[in-house]
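# Breakdown of the fold
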Amino acid sequence: MNTRSLFFNRPGRGSRPANLSHVPLAVLVVGLLSIAAALATPPTPVAPEEPPSTQPESSGETGGFLAGISRSGYLLGDMWGLRPLLSKGGVSLNISETSEVLGNITGGVRRGFDYDGLTQMNLQVDTQRAFNVHGGTFNISGLQIHGRDLSTDNLGTLQTASGIEADRSTRLWELWYQQKFLDEDRLDVKIGQQSLDQEFMDSQGAALFVNTMFGWPMVPSADLPGGGPAYPLSALGVRARLRPTDSLTFLAGVFNGSPVANNTGDPQQQNPSGTSFPLSGGVLVIAEMQYAYPALGTMVYADESPALSGVYRLGAWYDSESFADQRFDDTGLPLADPAGTGIAATHGGDYGIYGVADQMIWHSEDDPDHALSVFARVMGTPQDDRNLIDFSLNLGFTLHDPIPQRDDDTLGIGMGVAKVSGQASDADRDVGFFTGSLFPVRGTETFVEVTYQYQFTPWCQLQPDFQYVFNPGGGILNPASPGNRVKNEAVIGMRVNIFF
Amino acid sequence: MIRVRGIVRKVPVFPVILIIAAAMFPRHLQADEPRSYLERIHRHAARTSTIAENGDTNPYAIVIAPVSVGRVQAGDILVDNFNNLSNLQGTGTTIIDFNPSTKKTTLFAKLPQHLPQCPGGVGLTAAMTMLKSGWVIVGSTPSTDGTTRTLGPGALIVLDATGQPVETWTGPDINGPWGNIATIDNGSTATLFVSMAGFDVPGPEVRDPKTGFSVTVRKATVLRLELSIPEGKPPIINSRTIVASGLSQRADKDAFLVGPTGLALGADGTLYVSDGAANQIIAIPDAATRATGAGTGRVVTKGGLLQRPLAMDIAPNGHLLICNATNGQVVELDPATGRQLCAQWIDADQAQSPPGNGDLFGIAVTPDGRGFYYVEDDMNTLMEAEASR
């Protein structure tokens, strides 16, 4: 997830935060509005393993790519022979489109609807099949991002409405090689350009939702340089995954400290094609311990009531880059003080800790697909002098197979909380003090989301979505309504996922 | 020392701890209980991808080659695929061959989508066996749209040891050959037991209003085929006997078909059948010799750890190992007593709920008896589970 701003530089190595005393208030407000337009993990373009239910239809003719189209995992089937041809060499190709229309019907800076979309292309090579080398996977993926960004245009939220919102671009995303080692493949190492939201801090339950913060969370989105190496960015690095026991997995990686070489400005514009591969500056170290029940080999006895399945993660990250102070300049004066330099003090390094839980809490005995699960993800950093967000939370429930005969549908209700750090809030107070005007002090932004993923066919999902945001931006001024904060927002929309 | 009612007595502490520990220890692990086969299984390793060269997916049958002949080495693992690249069920046409010694995987057979005398096309199922004479017999339960709405009666297809189809067996008693084949192989003669689950099965949209599931049709059978195998020539069917009938079968929008799927022959000649739709295991006594059908057989066990049982095999201790359809567990059952001893998670993929739901199908005990092969159709992988070294 990335934080980006059209007007404001995010703190980071080499950045020069705006001197609040030198800019008009209106510009400052707009800048605050657009801060942390966050992005997150897009939907994973994997077609369902088993075809789901479909309504009766007349299909059934053999021949042609339309044969069995209502049950096929891909709209284009074998792509006129291309997929089988690639498969012979151990190559798999996945192309997907996520398109959505989202709009706010209440609140916000202005009202209206935006369309945005993401085309993902992913190509993988299985080295076993291609070269008879066990356990190797080569992966390359690209993104084509189109449409407009509702959160920047209308909402001004910290926790942006859609995980696929990003600058319009065509870019390389990930480029890596992974190799398995040890007996039972208990170790694997991945090297190359990686997007951390694909593996770290992951919550299976949260992946259903549309809001960005159910993907790459708010704390790293707002606090890491460039928002961290997550969609649509990535960073060079090495990641190891060790499974010492069947229940425990350790995941750890070392990556370039920022996904871009220059942290000034919009990070996506600094690396517009995803091919700059920066290796300068600091390092980002991240480690995570995962516990899963059940695991391979877990025994169950007839006279026992086994626990329901769950996955728990505990992790931490440290980034050695320089981080700008949220409140004070390099002489110790508030950044809002006209007597100050306007150049933020810098701090070396930043860290955060997190925990993620996914737990099934009920499933039907008659229909195991009919299951209720809960997820929670908390994340924080104690270093609020250099972090805009010092705490974030995601919590939610997912109900699979919510309606009879809709085995592959999922209903979800979730929420997110992002707390602006005390230091950043104090900076807001400073602005009020030094400008002699009422200036809102940012606090906590909260949203709730209700979503329903309807599987029309295995290659097409429709997802109506509703979000309601309390205290957008943590309580920022509305530039379209001077003197007033941005009012709470109701966002509605529809997402469509298509697997080609 | 332990103080009892104010009296201080010297009591040996260690034996007391042992007694308490023994009382707290799970009953199934106490010394007077026989250890199960599955409790010895601690290793689970992926052996190969089962995706065929043409992209076929969804591995079903697992057969361990009994002899070296043609392109197959004794001990090779043959796995067939039920789906094509687009994941349409009932359209897979391939069998892969994994050699455990060389770790190489090759394509053993790729059948045409349509074979003469194979009604409805080709969609290879869990019904597969390889005879000592080198002939491979595989079931086809075809569809053209991935559902039973376009279900063809299918056939049993005879392949030579190079993977070429040489003969097709059809008839009024062959309709949807589905479950793993139990085989008695004497070289020049053989007896096969094949379950049939396709008789009059409608599309999955035809539902029973009481259950909400697709309608159950109690017409599934188990067919016994007695073969003679002339030297250098394909097997000849000498007799066909329906040894079980009236079993439940129904369409399923996810699993395609639910019906009798696992067949395993006990040492005493009893044929055990996993009756998936009824969530039970049944027994057909004297299956190899009986002249008449046994109807729906005798219920050995029902429910419990079973979750829509699929393929099964017999462990060296005589117990049945049964794959579940709706979770990633294999269940160990003592068929003599009907007691379900335990189950083990052999697919714990939490992408499904419960984990492994819909992932398992075929299973085959390894030749040395130290473990078993199974497939994970979510990952299209052949797995091997084995005892610790």
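## Comments concerning the overall build of chain B
Across its full length, chain B holds one helix and 27 strands. Relative to its length of 389 residues, chain B is compact, with a C-alpha radius of gyration of 22 Å against a globular reference of 21 Å. By principal-axis analysis of the C-alpha atoms, chain B measures approximately 90 × 55 × 45 Å. When burial is assessed residue by residue, chain B has 56% of its 389 residues classed as buried. Of all intrachain contacts in chain B linking residues separated by at least 6 positions in sequence, the fraction that spans at least 24 positions is 56%.

## Here's the deal with the overall build of chain A
The helix and strand tally for chain A stands at seven helices and 17 strands. The buried share of chain A, taken over its 500 residues, is 51%. Considering only contacts in chain A between residues 6 or more positions apart, those separated by 24 or more positions represent 71%.

## Regarding the environment of S195 of chain A
Residue and element names in this part refer to chain A. Among the structural elements, S195 can be located in the loop between β5 (187-194) and α5 (218-223). Once the C-alpha coordinates of S195 and Y231 are considered, the two residues, 36 residues apart in sequence, prove to be 6.4 Å apart. Contact partners of S195, with chain neighbours within four places excluded, come to W173, E174, P229, A230, Y231 and S234.

## Quick word on the sheet that holds strand β8 (residues 124-130) of chain B
Residue and element names in this part refer to chain B. In space, the four strands of this open sheet follow the order β8-β9-β10-β11, with antiparallel pairing throughout. Here the strands that pair on one side only, and so sit at the sheet edges, are β8 and β11 (165-169). In this sheet, neighbouring strand axes are inclined to one another by 20° on average, regardless of whether the strands run parallel or antiparallel. In this sheet, β11 lies alongside strand β10 (residues 155-159) in antiparallel orientation, the contact comprising four bridges.

## Re the interface of chain A and chain B
A common way to express how large an interface is: the accessible area buried when the components associate. Of the residues lining the interface, 52 residues belong to chain A; the matching set on chain B comes to 53 residues. A class-by-class count of the residues in the side of chain A that touches chain B yields 21 nonpolar, 19 polar and 12 charged. As paired elements, strand β9 (residues 299-301) of chain A and strand β24 (residues 339-345) of chain B share three bridges and run antiparallel to each other. Among the inter-strand pairings, Y301 of chain A is bridged to a residue of β24 of chain B, identified as C342 of chain B.

## Regarding the environment of D254 of chain B
All names here are of chain B. Turning to its location among the elements, D254 is positioned in the loop between β15 (236-252) and β16 (256-258). By the C-beta count within 10 Å, which is 20 here, D254 ends up buried. Sequence separation of D254 and T147 is 107 residues, and the distance between their C-alpha atoms is 8.8 Å.

## Considerations on unusual backbone geometry
Both trends apply: most residues other than glycine have a negative phi, and most peptide bonds are in trans. At the junction of Y231 of chain A and P232 of chain A, the peptide bond is cis and its omega measures out at 0° in the coordinates. Following S353 of chain B, the chain continues into P354 of chain B via a peptide bond in cis, with omega recorded as -10°. Residue position: P354 of chain B is located in the loop between β24 and β25 (363-365). Positioned with a positive phi, N471 of chain A is a non-glycine residue whose angle comes to about 55°. With respect to the secondary-structure elements, N471 of chain A resides in the loop between β16 (460-470) and β17 (489-499). Owing to 23 C-beta atoms within 10 Å, N471 of chain A belongs among the buried residues under this scheme. The phi dihedral of R308 of chain B falls on the positive side, at around 55°, and the residue is not glycine. Tracing the sequence through the fold places R308 of chain B in the loop between β20 (298-302) and β21 (309-314).

## Re the sheet that holds strand β27 (residues 381-387) of chain B
Residues and elements named next belong to chain B. Ordered by their spatial adjacency, four strands build an open sheet running β3-β27-β26-β25, and the pairing between neighbours is antiparallel. Edge positions in the open sheet fall to β3 (41-49) and β25, since each of these has one partner strand only. Taking each pair of neighbouring strands and ignoring which way they run, the sheet shows an average axis angle of 20°. By the bridge criterion, six bridges tie strand β26 (residues 371-376) to β27 in an arrangement that is antiparallel. Note on β27: the bridge partner recorded for F372 is A385.

## With respect to the environment of G348 of chain A
Among the structural elements, G348 of chain A can be located in strand β11 (residues 344-363). Between the C-alpha atoms of G348 of chain A and S322 of chain A, which are 26 residues apart in sequence, the distance is 4.7 Å.

## Digging into the confidence of the model for chain B
All names here are of chain B. Model confidence for chain B is summarised by a mean pLDDT of 91, while 91% of its residues fall at 70 or above. The low-confidence segment residues 1-11, where pLDDT is below 50, has eight contacts with residues more than four positions distant or belonging to other chains. For the stretch residues 18-32, pLDDT sits under 50, and the model shows six contacts to residues farther than four places along the chain or on other chains. Scored as a complex, the prediction yields pTM 0.86 and ipTM 0.88.

## Re helix α7 (residues 422-435) of chain A
It helps to recall that an α-helix has 3.6 residues per turn; residues three or four apart then point in one direction. All names here are of chain A. For α7, which comprises 14 residues, the first-to-last C-alpha distance of 20 Å matches the rise-based estimate of 20 Å (1.5 Å per residue) to within 8%. Taken as a whole, α7 has its buried residues at A424, S425, A427, D428, D430 and V431. Looking at the buried side of α7, the elements it contacts are β10 (310-329) and β14 (410-420). Just past α7, the residue G436 takes up positive phi, approximately 65°.

## Here we look at the confidence of the model for chain A
Residues and elements named next belong to chain A. The pLDDT averaged across chain A works out to 87; a share of 87% of its residues lies at or above 70. Here residues 1-40 is a poorly scored stretch, pLDDT under 50, and it has 146 contacts once near neighbours within four places are set aside; other chains count. The model gives residues 45-64 a pLDDT under 50, and that stretch makes 53 contacts with residues more than four places away or in other chains.

Conventions we followed
- Residues numbered from 1 in each chain as written.
- Chains lettered and ligands numbered in written order.
- Predicted model: local features only at pLDDT ≥ 70, side-chain atom pairs only at ≥ 80, totals over all residues.
- Helix = DSSP H or I, 4+ residues; strand = E, 2+ residues; numbered from the N terminus.
- Rg over C-alpha atoms; globule rule 2.2 N^0.38 Å.
- Buried ≥ 20, exposed ≤ 12 C-beta atoms within 10 Å, placed from the backbone.
- Contact = placed C-beta atoms within 7 Å.
- Pairing = 2+ DSSP bridges.
- Axes fitted to C-alpha atoms, helices over the stretch in contact; angles between N-to-C directions.
- Nonpolar A, V, L, I, M, F, W, Y, C, P; charged D, E, K, R; others polar.
- pLDDT = per-residue confidence, 0-100.
- Expected span 1.5 Å × (residues − 1).

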